[in-house]
Amino acid sequence: MIPRRALTTGVLAAVLLLAGLPAIAFAQRPAPALQAGASFDPPSASIGDRVTLTLRVTHPDDVILKAAAPNLEHVDVVNTIPSTTQNAAAGPQVTTFAYTLQPFLLGTIDTGTMRLSWLRADGATGTFDVPGAQLIVTPRSEEHTSELQSLAYLVCRLLLEKK
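Residues numbered from 1 in each chain as written. Predicted model: local features only at pLDDT ≥ 70, side-chain atom pairs only at ≥ 80, totals over all residues. Heavy atoms only, no water.

Student: Can you explain the environment of T95? Please cite residues and give values.
Tutor: Locating T95 in the fold gives a position in strand β6 (residues 93-103). Taking the relative accessible area as the measure of exposure, T95 reaches 3% and is therefore buried. Separated by 59 residues in sequence, T95 and A36 place their C-alpha atoms 9.4 Å apart. Setting aside its immediate chain neighbours within four residues, T95 contacts L55, R56, V57, H59, L65, S83, T84 and T85. Separated by 2.7 Å, the side chains of T95 and H59 make a polar contact. For T95, the side chain forms a polar contact with the side chain of T85, separated by 2.9 Å. (Helix = DSSP H or I, 4+ residues; strand = E, 2+ residues; numbered from the N terminus. Buried < 20%, exposed > 50% of the residue type's maximum accessible area, 1.4 Å probe, protein only. Contact = heavy atoms within 4.5 Å. Polar contact = N/O pair within 3.5 Å; in protein donor to acceptor, adjacent residues only side chain to side chain.)

Student: Describe the pattern of salt bridges, with residues and values.
Tutor: For the structure shown, the criterion picks out 3 salt bridges. A salt bridge links R140 to D49; the shortest N-O distance between them is 2.0 Å. Taken together, the residues span a long stretch of sequence, with R140 in the loop between β10 (134-138) and α2 (151-162) and D49 in the loop between β2 (44-46) and β3 (51-59) at a distance of 91 residues. With relative accessibility at 26%, the residue R140 sits in the partly exposed group. As a salt-bridge pair, R115 and D129 come within 2.8 Å of each other at their nearest N and O atoms. (Salt bridge = Lys/Arg side-chain N within 4 Å of Asp/Glu carboxyl O.)

Student: With reference to specific residues and values, describe the sheet that holds strand β7 (residues 107-110).
Tutor: Backbone-to-backbone hydrogen bonds join strands into a sheet, with any given pair of strands oriented parallel or antiparallel. If you trace the 3 strands from one edge of the open sheet to the other, you get β2-β10-β7, paired in mixed fashion. At either margin of the open sheet sits one strand with a lone partner, and together these are β2 and β7. In this sheet, neighbouring strand axes are inclined to one another by 30° on average, regardless of whether the strands run parallel or antiparallel. (Pairing = 2+ DSSP bridges. Axes fitted to C-alpha atoms, helices over the stretch in contact; angles between N-to-C directions.)

Student: Outline the sheet that holds strand β8 (residues 114-120), supporting the account with residue identities and numerical values.
Tutor: Within the open sheet, the 3 strands sit side by side as β4-β8-β9. Their pairing is antiparallel. Strands with a single pairing partner mark the edges of an open sheet, and in this sheet they are β4 (63-67) and β9 (125-130). Strand-to-strand twist of the sheet, defined as the mean angle between neighbouring strand axes without regard to direction, takes the value 30°. Pairing of β8 with β9 involves 6 bridges; the strand directions are antiparallel. Residue pairing in the sheet places M114 in a bridge with V130 of β9.

Student: Residue-level account of the nonpolar core, with values.
Tutor: With 26 residues, the main nonpolar core has L53, L55, F97 and L101 as its most contacted residues. Among the elements that line this core, the one with the most residues is β3, at 4 residues. Once you skip the residues sitting within four places of it in the chain, L53 turns out to touch A38, S39, F40, P70, F97, A98, Y99, L101, T111, M114 and A133. (Core = buried A, V, L, I, M, F, W, Y, C linked by side-chain atoms within 4.5 Å.)

And the structure:
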């Protein structure tokens, strides 16, 4: 007969071992396979024109993605277009994030690496870095200079004029 204390200790050890197995299996599962790219449409624009920055991510169907709007100097985010997810051929899904931007700086604007967050159906989370995109911004004719002021600049100017 097994002493009661040894049986209790054995059962406790088995429970602790089983409780730890999901965490071990969870920690060993690799991150989901994600493929992503970013692009501007159009790839070049005049200063003050509106352009669309699009991120397209191919991912397994058990993954949910989240992306924050870009934060670029001298570029206004005019609109954040709701993300869409579509089934691609052979199982993976494609999620698209799009933002309408308005640049107020001449030259090349580089988004830099953009970070996505992901959540898998098993509760695993993580981040994924998407290579950035570049937009070439060219000058406009002088007759359009009044159209080049950002909304934030115009609001500040109006508030100052009221004082």
